[in-house]
Amino acid sequence: MYKIDAPAQLIEQVYHAILDAICTGALAPNEKITQEGLAEQLGVSRQPILQAFQILKREGFIEDAGRKGVMVTALDPQRLMQLYQVRAVLDGLAARSTAEQWKSDAALRAAGEREGRALIEAGRALADMRDLSARILADMDFHQFIYRSCGNPMIGQTTALHWQHIRRAMGAILSSEVRSHLAVWEEHEAILQAMLEGRPALADKLARQHAESAAAHLARVLTSAHYADKRRQA
């Protein structure tokens, strides 16, 4: 994590710093954390840490750990699988709707192609980097690009309610090496190509399969001996 310098919007900055550490695994599932420890790491007082804790508790990222402070909640396999089931449907719908939009509007298609290919190029460039936070953000950016492009703001608004938990799941997948970073971006490119070709059914199918594949890899991570060892060590 990094030190917080600017006093403006301090609670929000502290919240995002802790959340980022949870989503990238820097703060592991079941790891106990204290206001004092985080205040020292971030270079802030305990008050913004306490307020950030309250938000993170409501969102389900941390929970009380008795007199020892709080702990990072474990990843709940059942809840995440359910979340990915919903995500697969919404991602498919977003990709289908985007393909339909672009098929009837050449200007939208051209703008979408420029943005989509730039995102894919940026994502692939991160393949050899160990910056997990940047890799997660690039993945999120691509999916949010499709949500913005589909013409249905309700899709983006619905996924936003759970996106941080999806982000955390992405961190578990990308850090586990069970799924190639480049393979993820090959799937992204196939989805983009189907949308550019104006093939709604194919775009829908590929987007759903992409989410389902991510869910399968996540299930493998959560049941792996390596992940279980990391949880016990936290």
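See the structure above.
Since the structure is predicted, the reported quantities are computational estimates derived from the model, not experimental observations.

About the thresholds
- Residues numbered from 1 in each chain as written.
- Predicted model: local features only at pLDDT ≥ 70, side-chain atom pairs only at ≥ 80, totals over all residues.
- Heavy atoms only, no water.
- Salt bridge = Lys/Arg side-chain N within 4 Å of Asp/Glu carboxyl O.
- Helix = DSSP H or I, 4+ residues; strand = E, 2+ residues; numbered from the N terminus.
- Buried < 20%, exposed > 50% of the residue type's maximum accessible area, 1.4 Å probe, protein only.
- Pairing = 2+ DSSP bridges.
- Phe/Tyr/Trp six-rings, centres within 6.5 Å; stacked < 30°, edge-to-face > 60°.

**Quick notes on the pattern of salt bridges**
- Under the defined criterion, the tally for this structure stands at 12 salt bridges.
- Where R167 meets D20, a salt bridge forms, and the shortest distance between an N and an O atom there is 2.5 Å. One end of the pair, R167, is in helix α8 (residues 163-174); the other, D20, is in helix α1 (residues 10-24), and 147 residues separate them in sequence.
- R167 sits in the buried class, given a relative accessible area of 12%.
- Taking the relative accessible area as the measure of exposure, D20 reaches 19% and is therefore buried.
- A salt bridge links R117 to E189; the shortest N-O distance between them is 3.9 Å. Placement of R117 in helix α5 (residues 106-124) and of E189 in helix α9 (residues 181-196) is noted, with a sequence separation of 72 residues between them.
- The network of salt bridges with common partners includes R109, E113, R117, R124 and E189.

**Examining the sheet that holds strand β1 (residues 32-33)**
- Judged by pairing direction, the sheet is antiparallel, and its 3 strands sit side by side in the order β1-β3-β2 without closing on themselves. Every interior strand has two partners, whereas the edge strands, β1 and β2 (62-64), have only one.
- Two strands pair when backbone bridges link them, and β2 and strand β3 (residues 70-72) are joined in this way by 3 bridges, in the antiparallel orientation. Across the sheet, residue E63 finds its bridge partner in β3, namely M71.

**Regarding the environment of V44**
- If you trace the backbone, V44 turns up in the loop between α2 (35-42) and α3 (46-59).
- Sequence spacing of V44 and A211 is 167 residues, and the spatial spacing of their C-alpha atoms is 38 Å.

**Quick look at the packing of aromatic side chains**
- For the structure shown, the criterion picks out 4 aromatic pairs.
- Both rings, one in F142 and one in W185, keep their centres 6.0 Å apart while their planes meet at 70 degrees; by these two values the pair is edge-to-face. You can see F142 sitting in helix α6 (residues 132-149) and its partner W185 sitting in helix α9, a full 43 residues away along the chain. Taken individually, F142 and W185 each receive the classification buried, so the pair is uniform in this respect.

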